[in-house]
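Working through the structure, step by step
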Amino acid sequence: MFPNHISSRRQGWGELLGNSSLLSSMYFSCPSNVWHFRRLILEALNADLHEELNFIKKVANGNPKNYQIWHHRRWVAEKLGSDATSKELDFTKKILSLDAKNYHAWSHRQWVLQELGGWEDELDYCKQLLEDDIFNNSAWNQVCFNTCQRNTVFALSTLLDLLCHGFQPSQDFINAVDALKTPDLDLSDSNLATAVCSVLGHMDPMRVNYWAWRKNKLPAQTA
Amino acid sequence: MDSLRSSSSFFDREKHVVFLQMMNQLLPSDYQGQEINRLTLAYFAISGLHILGALDEVDKEEVSSWVLSLQAHPRNEAELNNGQFFGFHGSRSSQFPRDDKGVLIHNGSHLASTYCALAILKIVGYNFSCINSKSILTSMRNLQQPDGSFMPTHVGAETDLRFVFCAAAICSMLENWSGMDKEKAKEYILNCQSYDGGFGLIPGSESHGGGTYCAVASLQLMGFIEHDILSKSSSSSIINVPLLLDWSLQRQAADGGFQGRANKASDTCYAFWVGGVLRILGGYKLIDKKALHGFLLTCQSQYGGFSKFPGQLPDLYHSYYGFSAFSMLEEPGLIPICVELGIADIAAIGH
């Protein structure tokens with residue numbers, strides 16, 4: 001339906017893309033339609049999607065909780081693929097620096113990690129957020145997300161470090177680690193840190209002695 | 001700050017009715033920047049008036065005609081099966097007329113608008129056998145994704161639990177489940193249950209009051225969980241009920257209000273979203289009703305309506321959920337609600 005119109009009016013549509021003030025009122029009165037329309041134009045013009053990411057950044061600044069904008073961002077990122085990875089992680093980090101619990105930003109970040117990768121620094125990032133605000137439940141959820149998704153020794157050892165530094169997670173967190181236990185593991189572990197050590201001993205058999213030693217060395221007040 | 005604080009220590013029903021009537025007449029431009037559209041605002045106003053026992057203020061015929069005028073109709077069988085969703089538009093501005101050749105260039109039907117439309121029609125007692133439900137149900141299936149979630153429109157948009165709820169509520173109100181694959185939807189919902197017992201809006205995301213309501217209400221409507229499950233002897237359920245109960249009750253904060261997520265500020269609307277979950281499970285009696293009542297009154301505006309946080313200006317969304325919350329608290333003069341459908345009980349049952 002649209003392509004015919006677009007091919008005959010390429011120049012006009014290009015102007016339309018750039019004119020964000022003209023479109024802004026349209027964007028909000030019938031959101032789904034206009035963003036969809038914009039995507040058709042972007043495709044027809046084979047527009048520079050990195051530029052589009054910049055445009056979205058500007059619009060998102062005043063509207064960090066708008067579903068349409070985040071969906072549009074995802075559409076663009078998906079098209080760019082791994083070229084967009086670091087930009088997306090930076091973008092969500094910026095939004096989270098203004099509101100560390102922005103639900104949309106966290107959802108987008110999780111999507112980026114799963115689809116495009118970039119896990120390497122994620123736990124460090126979560127650690128930093130928790131140092132800023134130990135009660136940031138979104139960051140805790142992200143640690144759990146990491147642990148469940150990656151199921152790596154690194155994720156669990158990071159969690160162990162956090163616990164040894166005195167971080168007190170809520171009771172719920174134990175359930176996440178519980179899910180990683182296998183039937184043959186010692187189930188009498190009554191606290192999270194010892195449970196994590198047990199799981200690590202199982203997942204990382206090369207260093208089973210080390211994890212046992214860590215378990216013995218746990219500070220008395222560790223959760 | 002003082003001028004915004006309500007001086008009232010009671011639920012001021014009269015003021016709230018006036019507030020809603022005013023909202024019904026005008027639509028302040030403040031709402032333009034939000035995604036909430038006209039039909040949704042009408043749902044808040046009309047359902048709100050109903051809960052407050054003031055529905056006679058509403059011209060039911062006029063409302064029905066207006067709502068029905070927003071329905072998208074396929075011309076023929078072929079159009080019905082071309083992949084579009086034929087539901088209701090949110091407003092006239094998203095409703096494009098057919099072109100000279102009678103082709104529907106753009107159909108802005110939206111699941112949430114469809115939910116609101118049907119809810120309003122239920123409230124005003126419109127005869128549902130007169131609704132063209134076949135096109136709604138047949139075309140709604142096009143919106144369901146392989147993972148069981150729903151897109152709100154066929155042009156492509158975010159998918160999450162909100163629209164699973166809309167779909168389930170639509171099928172329930174139309175008394176016809178051919179509009180969705182319930183099993184697939186159930187699977188998606190279960191994937192949204194988080195390690196702490198609550199539900200995120202998408203799998204992996206943080207437990208959230210709104211997401212949890214959508215999950216539990218949908219499962220209840222679809223018949224996958226029993227009502228008042230906590231008082232039943234059967235100990236098994238497809239969801240982790242004890243953990244969900246704990247999560248939900250933990251959301252009542254020290255100030256008496258409900259928060260949407262752990263360690264966030266109490267917000268009026270979660271008294272409905274999370275309170276509603278507890279009501280469905282049969283655990284509402286376990287909350288501190290007095291404390292909740294007290295918190296909600298601090299969000300009651302002297303202008304009528306409720307605000308999100310204490311002492312702020314009211315908005316229609318928080319007002320509606322404030323009224324719903326007071327209905328659940330059995331405030332005298334308010335009519336009981338059907339929590340899982342988000343309308344008054346009597347509307348749900350049918351006049």
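Residues numbered from 1 in each chain as written. Chains lettered and ligands numbered in written order. Predicted model: local features only at pLDDT ≥ 70, side-chain atom pairs only at ≥ 80, totals over all residues. Heavy atoms only, no water.

By the naming in an unreviewed UniProt entry, chain B is Geranylgeranyl transferase type-1 subunit beta, taken from Vitis vinifera. Reading the Sequence similarities (unreviewed entry) entry of the UniProt record for chain B gives the comment "Belongs to the protein prenyltransferase subunit beta family." (UniProt positions renumbered as here; feature names shortened; annotations may be inferred.)

Within an unreviewed UniProt entry, the label attached to chain A reads Protein farnesyltransferase/geranylgeranyltransferase type-1 subunit alpha, and the organism entered is Vitis vinifera. Quoted straight from UniProt, the Cofactor (unreviewed entry) entry for chain A says "Mg(2+)".

Attention now moves to the overall build of chain B. A tally of helices and strands in chain B yields 14 helices and two strands. Against the compact-globule benchmark of 20 Å for 351 residues, chain B has a radius of gyration of 20 Å, which places it among compact chains. Judged by the C-alpha coordinates and their principal axes, chain B covers about 60 × 50 × 35 Å. Within chain B, the proportion of its 351 residues that are buried is 59%. When contacts within chain B are restricted to residue pairs at least 6 apart in sequence, long-range pairs at least 24 apart make up 67% of them. Summed over its atoms, the accessible surface of chain B is roughly 13600 Å², and 52% of this surface lies on carbon and sulfur atoms. Taking the average location of the 25 positive side-chain charges in chain B and that of its 34 negative ones, the two points are 2 Å from each other. (Helix = DSSP H or I, 4+ residues; strand = E, 2+ residues; numbered from the N terminus. Rg over C-alpha atoms; globule rule 2.2 N^0.38 Å. Buried < 20%, exposed > 50% of the residue type's maximum accessible area, 1.4 Å probe, protein only. Contact = heavy atoms within 4.5 Å. Areas by Shrake-Rupley, 256 points an atom, 1.4 Å probe, with all protein chains shown as cover. Lys, Arg positive; Asp, Glu negative; His and termini not counted. Charge placed at Lys NZ, Arg CZ, Asp CG, Glu CD.)

All right, on to the overall build of chain A then. Within chain A, the secondary structure is distributed over 14 helices and zero strands. Written out in order from the N terminus, the α and β elements of chain A read α-α-α-α-α-α-α-α-α-α-α-α-α-α. As presented, chain A carries roughly 10800 Å² of accessible surface, and 51% of it is formed by carbon and sulfur atoms.

Our focus in this paragraph is the pattern of salt bridges. All names here are of chain B. For the structure on display, the rule yields 17 salt bridges over all chains. The shortest N-O distance in the salt bridge between glutamate 183 and lysine 186 comes to 3.2 Å. One end of the pair is glutamate 183 and the other is lysine 186, both in helix H8 (residues 182–191) and three residues apart, which spans about a single turn. When its relative accessible area of 44% is taken as the criterion, glutamate 183 is described as partly exposed. Here aspartate 267 and lysine 308 are joined by a salt bridge, their closest N and O atoms 3.1 Å apart. Residue aspartate 267 is found in the loop between helix H10 (241–250) and helix H11 (270–281), and its partner lysine 308 is found in the loop between helix H12 (289–298) and helix H13 (316–328); the two are separated by 41 residues along the sequence. Residue aspartate 267 is classed as buried on the basis of its relative accessible area, which comes to 4%. Residue classification places lysine 308 among the partly exposed residues on the basis of a relative accessible area of 31%. One salt-bridge network, in which partners are shared between bridges, spans Glu158, Asp160 and Arg162. (Salt bridge = Lys/Arg side-chain N within 4 Å of Asp/Glu carboxyl O.)

With that settled, the discussion passes to helix H6 (residues 67–80) of chain A. All names here are of chain A. In this model, H6 (14 residues) spans 20 Å end to end at C-alpha, consistent with the 20 Å of a helix rising 1.5 Å per residue. Here H6 lies mainly inside the structure; ten of its 14 residues are buried. If you check which residues of H6 are buried, you get Gln68, Ile69, Trp70, His71, His72, Arg73, Trp75, Val76, Ala77 and Leu80. One side-chain oxygen of the residue at the start of H6 lies 2.8 Å from the amide nitrogen of glutamine 68, identifying that residue as asparagine 66. Of the residues flanking the end of H6, it is glycine 81, one or two places downstream, whose phi is positive at about 70°. (Expected span 1.5 Å × (residues − 1). Polar contact = N/O pair within 3.5 Å; in protein donor to acceptor, adjacent residues only side chain to side chain.)

Turning our attention to the nonpolar core. In summary, soluble globular proteins display a tendency toward joint burial of nonpolar side chains. Formed by 109 residues in total, the largest nonpolar core has its most connected members in B:Tyr43, B:Leu111 and B:Leu161. The leading source of residues in this core is helix H7 (residues 161–174) of chain B, at twelve residues. Counting residues in each nonpolar core, the second largest holds 56 residues, with A:Phe55, A:Ile56, A:Trp106 and A:Val177 among its members. (Core = buried A, V, L, I, M, F, W, Y, C linked by side-chain atoms within 4.5 Å.)

Quick look at helix H9 (residues 209–222) of chain B now. All names here are of chain B. Along its 14 residues, H9 runs 20 Å from first to last C-alpha, staying within 8% of the 20 Å computed at 1.5 Å per residue. Most of H9 sits inside the fold, with 14 of its 14 residues counted as buried. Count one or two residues on from H9 and you reach glycine 223, which has phi positive near 85°.

Moving on, we come to the packing of helix H2 (residues 38–51) of chain B against H13(B). Residues and elements named next belong to chain B. Look at H2 against H13: their axes get within 9 Å of each other, and the N-to-C directions meet at 30°. What the angle tells us is that H2 and H13 run roughly parallel. Both H2 and H13 take part in a crossing whose hand is left-handed. Residues Leu41, Tyr43, Phe44, Ala45, Ser47, Gly48 and Ile51 of H2 lie in contact with H13, whose contacting residues are Leu316, Tyr317, Tyr320, Tyr321, Phe323, Ser324 and Ser327. Within the contact of H2 with H13, the residues separate by chemical class into ten nonpolar, four polar and no charged. (Axes fitted to C-alpha atoms, helices over the stretch in contact; angles between N-to-C directions. Parallel < 35°, antiparallel > 145°, perpendicular 65-115°, else oblique. Left-handed = near helix turned anticlockwise from the far one by under 90°. Nonpolar A, V, L, I, M, F, W, Y, C, P; charged D, E, K, R; others polar.)

Within the chain, A:Asn46 stands out as a residue other than glycine whose phi angle is a positive 50°. Mapped onto the fold, A:Asn46 is located in the loop between helix H4 (31–45) and helix H5 (49–62). Of note in this structure, B:Glu330 is not a glycine but carries a positive phi near 60°. Here B:Glu330 is to be found in the loop between H13 and strand E1 (337–338). Accessibility expressed as a relative area gives 63% for B:Glu330, which makes it exposed.

With that out of the way, let us pick up the side chain of B:Glu206. Inspection of the secondary structure assignment puts B:Glu206 in the loop between H8 and H9. There is a polar contact of 2.8 Å between the side chain of B:Glu206 and the side chain of B:Arg261. Residues contacting B:Glu206, with those up to four places away along its chain left out, are A:Tyr103, A:Asn137, A:Ser138, A:Asn141, B:Phe199, B:Gly200 and B:Arg261.

Turning our attention to the packing of aromatic side chains. Tallied over the entire structure, the rule returns 25 aromatic pairs over all chains. Consider the rings of A:Trp70 and A:Phe91, whose centres lie 5.4 Å apart with planes at 45°: the pair is tilted. With A:Trp70 in helix H6 and A:Phe91 in helix H7 (residues 85–98), this pair connects stretches of sequence that are 21 residues apart. Given a relative accessible area of 4%, A:Phe91 falls into the buried group. With a centroid separation of 5.5 Å and an interplanar angle of 35°, the aromatic rings of B:Phe44 and B:Tyr320 are classed as tilted. One end of the pair, B:Phe44, is in helix H2; the other, B:Tyr320, is in helix H13, with 276 residues separating them in the sequence. Across the pair, exposure class does not vary: B:Phe44 and B:Tyr320 are buried alike. (Phe/Tyr/Trp six-rings, centres within 6.5 Å; stacked < 30°, edge-to-face > 60°.)

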